[in-house]
Amino acid sequence: MARIPKELVDQIIQTADIVEVVGDFVQLKRKGQNLWAPCPFHNEKSPSFSVNPAKSLYKCFGCGKAGGVVQFVMDVEGTSYVEALKYLAKKYAITIEEEERTPQQQLEQNERDSQFIVSDFAKNHFHRLLLNSEEGMSIGYGYLKERGLNLSTIQTFELGYSLDSWDDLMKAGETAGYDKKYLEKTGLTVIRTDDQGHDTGRRYDRFRGRVMFPIHNISGRVVGFGARTLKRDDKMAKYLNSPESDIYHKSDVLYGLFQARQAIRTQEVCYLVEGYLDVLSLYQGGIKNVVASSGTSLTEGQIRLIKRYSDNVTVLYDGDAAGIKASLRGTDLLLEGGLNVRVVLFPDGDDPDSYIRKVGDQRFTEYIETQSQDFITFKTTLVAREASGDPVKKAEAIRDVLHSIAKVPDAIKRQVFLQQTSATFGIDEQVLITEYNKLVKSPGQQSKPGGSGDNRGNYGQGAGSANSGYPPSSNPRSAPAGRPMTDEEEAEMLMYGGAEATVEILGAGASFVTAPARTADDDDTPDMLQVCEREVLRLLVLYSGREIDPEVSVAAYLVGQLGENPLTRPLYAEMWEICRQELLAGRFPDARLLAQNEREDIRQLITDLATERYEISPNWRTKEIYVFNEVDLPQLACDNAVLRLNKVHVQRELDQCLEKLRHPLEDVEMFEILGDIKRLKELDNELAALLGTVVARGT
């Protein structure tokens, strides 16, 4: 893939105004330094979506979505990093001159672009015929009107009509100057062959006398077509779709997703139907978060598309027993893809399109809300009813349901479903658990996505919680009586003297008290080294160019104090080196540019470092309430961060010394370690004094 030059990427990011870009999707209102709005990614009443113009960052404090202007476009449009840059470049009239491609890459890109252009031409041609030609108006438009679709829906989905002619599109394309080979590559025209399969040199239009349903990708570009015949001819396929091409892969496309993607995000659920008209009728009826698999079996690619916009999907089944059974496998794939799956079953003989036209928009909405049930419960009830009275069928049905339960990623949900299945089939739960454990251990099941390495089996056979070997009250970090210690209290204790072991050197002897050993599984306290490293990195990224003294910046000060490689966490260390190299090159690290980095982990880190939930009210200053502000006192903030990081390192060295004392030692070695402990405790006390913290006395 061709790359956009870094200088051009920087220009796009510097030019793009995050307020303008976000404002295209939501209505922002200023409150303090930031602007706020209801989140475009989930449904909420109180605005928790914040945009910081100064930092060019956004963050939703409800769902956690955050990033810079490029990330916002990626999130809201569901595009790649490069596509997001192109979107912004187009918005701000910046010409992108991509780095030179190889001849083969250029040829492939030209081929794809040409197919997109021809497909768009065909879409516009069919749309004009539907609304402006006599045949299109009387047959195509008349049919759509009969199905209850209005002009707004027709235009939103760019529906069209193909004339009942062998070469109408071919002639139109030739007149417009399009190369006929691209009509062939996209499947819009068909090569006529003889009985031996040889090309006869003749071509004809694939779609003739049909209502046309353009199929868009998530960027809104037409990649193919679905077409319905209006003739009563048993020999003719009712629906005809474009064949696979360089731009159209039916397994990676969902009909209506381009129009529905925003509603899916805000409503936090995707309704999945089967046909084009199901989508159109529901969309027109106000249910805009609906897509269709276009009559094909669900694929993993389509499931990944849904998951990009929501983890929740509700499948709307036609009231047809045979059709439901055929759809169960596809629904199992949804579970396997990590989605929360619910289903709605319509009355026998109805599909979503016919039912909404029968009962109206409001009653339809009420129906899908009240009749929705989780898929496992639905499937269990369905197969139990069909297997009633037949022990062999009942056993097969139970195993079928267990296969579906095994695909549910959440362990608690699996346990609940096992209990429900036990009650529905009237079979002992332990028997089900035993059979389930056999199932998930079998080679076929272990090969399924999520089927291995995620502990989905062995219910009732777990090792239990680790025994710490001492009563909770003996833990020196125990919280005040009556409640557990909060994360903040644990962090304070760890940072400011709440050590697990204390030592006093008394004359020629030594006494020490050690807390019982803790395993990795027991340790749920905050990682204070990571917390302190993160704070140092935050100051470096956000205030790099701010002066501590004349000609001494925050970046230079921190690098001078801590050296080349002071951070241990790999991502933090990598960011430190990036900032250090910028400083050596005579530039200050720019958080705004770093937040638009092509690497997702770096974008996420910088966004998290730069976004805050609350601001200090200006009323505090008017009432002369002073609150420490790191912006006004950068050296104090830097000194505190450096001292805290050093203190944690000292405490870790102390822990290592104490660990050595747990094992038998020679007297010389023991007194050497005790000397190190005394030195480290003195250093720890000095650091605590500099930080102004209270250190607990050793006992």
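Above: the structure in question.
Keep in mind the model is a prediction, meaning the values are calculated, not measured.

### Observations regarding the side chain of Glu-111
Consideration 1: Within the secondary structure, Glu-111 sits in helix 5 (residues 103-132).
Consideration 2: For Glu-111, a relative accessible area of 14% translates into the label buried.
Consideration 3: If sequence neighbours within four positions are ignored, Glu-111 has contacts with Lys-181, Tyr-182 and Lys-185.

### Section: the sheet that holds strand 9 (residues 210-216)
Consideration 1: The sheet built from four strands is open, its strands ordered 6-9-10-11 with antiparallel pairing. Here the strands that pair on one side only, and so sit at the sheet edges, are strand 6 (160-162) and strand 11 (239-241). Sheet twist, expressed as the average angle between the axes of neighbouring strands with direction ignored, equals 35°.
Consideration 2: Contacts between helix 6 (residues 134-146) and the sheet are confined to strand 6, strand 9 and strand 10 (222-229), with strand 6 contributing the most and set at about 130° to the helix.
Consideration 3: Sheet strands in contact with helix 11 (residues 276-284) are strand 9, strand 10 and strand 11, and its direction is about 75° off that of strand 9.

### Digging into the pairing of strand 8 (residues 199-205)
Consideration 1: Looking at chain direction, strand 7 (residues 189-193) and strand 8 are connected through four bridges and run antiparallel. The partner of Thr-193 across the bridge, within strand 8, is Asp-199.

### Observations concerning the environment of Leu-633
Consideration 1: Mapped onto the elements of the fold, Leu-633 is located in the loop between helix 27 (618-622) and helix 28 (634-660).
Consideration 2: Taking the C-alpha atoms as reference points, Leu-633 and Ile-548, 85 residues apart in sequence, are found 8.2 Å from one another.

### Observations concerning the packing of aromatic side chains
Consideration 1: Taken as a whole and assessed by the stated rule, the structure comprises 23 aromatic pairs.
Consideration 2: Residues Tyr-355 and Tyr-367 carry aromatic rings whose centres are separated by 5.0 Å and whose planes lie at 55° to one another, so their mutual orientation is tilted. In this pair, Tyr-355 sits in helix 14 (residues 352-359) while Tyr-367 sits in helix 15 (residues 361-371), placing the two residues 12 residues apart along the sequence. Each member of the pair, Tyr-355 together with Tyr-367, is buried.
Consideration 3: Within the aromatic cluster, the residues linked to one another by ring pairs are Phe-157, Phe-213, Tyr-239, Tyr-255, Tyr-276 and Tyr-283.
Consideration 4: The ring of Trp-36 has Lys-31 sitting right over it, with the charged end atom 4.9 Å from the ring centre.
Consideration 5: Positioned above the aromatic ring of Phe-41, the side-chain terminus of Lys-65 is 5.8 Å from the ring centre.

### Observations concerning the sheet that holds strand 3 (residues 49-52)
Consideration 1: The five strands are arranged 1-2-3-4-5 in an open sheet whose pairing can be described as antiparallel. Two strands close off the open sheet at either side, each with one partner strand: strand 1 (29-31) and strand 5 (66-68). For this sheet the average axis-to-axis angle between neighbouring strands, irrespective of direction, equals 25°.
Consideration 2: When strand 3 meets strand 4 (residues 57-60), the two strands line up antiparallel, connected through four bridges. Residue pairing for strand 4: Asn-52 is matched across the bridge by Leu-57.

### A few points about the side chain of Thr-153
Consideration 1: Assignment of secondary structure puts Thr-153 in helix 7 (residues 151-156).
Consideration 2: Assessed through its relative accessible area of 4%, Thr-153 is described here as buried.
Consideration 3: Discounting residues that sit within four places of it in the chain, Thr-153 has contacts with Leu-280 and Gln-284.

### With respect to the nonpolar core
Consideration 1: Of all hydrophobic cores here, the largest spans 46 residues; its most connected members are Leu-334 and Phe-375.
Consideration 2: Element by element, the count of residues in this core is highest for helix 16 (residues 375-386), at six residues.
Consideration 3: Leu-149, Tyr-276, Val-279 and Val-290 belong to the second-largest nonpolar core, a separate cluster that totals 41 residues.

### A word on a negative patch on the surface
Consideration 1: Together, Glu-666, Asp-667, Glu-669 and Glu-672 make up a region of like negative charge exposed at the surface.
Consideration 2: Looking at where Glu-669 falls in the secondary structure, it is placed in helix 29 (residues 667-691).

### So, helix 6
Along an α-helix, a turn takes 3.6 residues, which lines up residues three or four apart on a common side.
Consideration 1: Over its 13 residues, helix 6 extends 17 Å from the first C-alpha to the last, a length consistent with the 18 Å expected when each residue adds 1.5 Å.
Consideration 2: Along helix 6, the residues that are buried comprise Gly-136, Gly-140, Tyr-141, Tyr-143 and Leu-144.

### Structural notes on the pairing of strand 2 (residues 34-37)
Consideration 1: Here strand 2 shows no split at all, with Asn-34 and Trp-36 on one side and Leu-35 and Ala-37 on the other all buried.
Consideration 2: Pairing analysis gives three bridges linking strand 1 to strand 2, with the strands arranged antiparallel. Each residue of the ladder has a partner; that of Arg-30, found in strand 2, is Leu-35.

### Some remarks on the environment of Arg-599
Consideration 1: Along the chain, the position of Arg-599 falls in the loop between helix 25 (591-594) and helix 26 (600-610).
Consideration 2: Note on Arg-599: relative accessible area 31%, which makes it partly exposed.
Consideration 3: Distance from Arg-599 to Tyr-81, taken between C-alpha atoms, is 8.9 Å for residues 518 residues apart in sequence.
Consideration 4: For Arg-599, the residues in contact, after removing those within four places along its chain, are Leu-571 and Glu-574.

How each quantity is defined
Residues numbered from 1 in each chain as written. Predicted model: local features only at pLDDT ≥ 70, side-chain atom pairs only at ≥ 80, totals over all residues. Heavy atoms only, no water. Helix = DSSP H or I, 4+ residues; strand = E, 2+ residues; numbered from the N terminus. Buried < 20%, exposed > 50% of the residue type's maximum accessible area, 1.4 Å probe, protein only. Contact = heavy atoms within 4.5 Å. Pairing = 2+ DSSP bridges. Axes fitted to C-alpha atoms, helices over the stretch in contact; angles between N-to-C directions. Phe/Tyr/Trp six-rings, centres within 6.5 Å; stacked < 30°, edge-to-face > 60°. Lys NZ or Arg CZ within 6 Å of the ring centre and 35° of its normal. Core = buried A, V, L, I, M, F, W, Y, C linked by side-chain atoms within 4.5 Å. Patch = residues over 30% accessible without salt bridge, like charges linked within 9 Å, V, L, I, M, F, W, Y side chains within 5 Å. Areas by Shrake-Rupley, 256 points an atom, 1.4 Å probe, with all protein chains shown as cover. Salt bridge = Lys/Arg side-chain N within 4 Å of Asp/Glu carboxyl O. Lys, Arg positive; Asp, Glu negative; His and termini not counted. Charge placed at Lys NZ, Arg CZ, Asp CG, Glu CD. Expected span 1.5 Å × (residues − 1).

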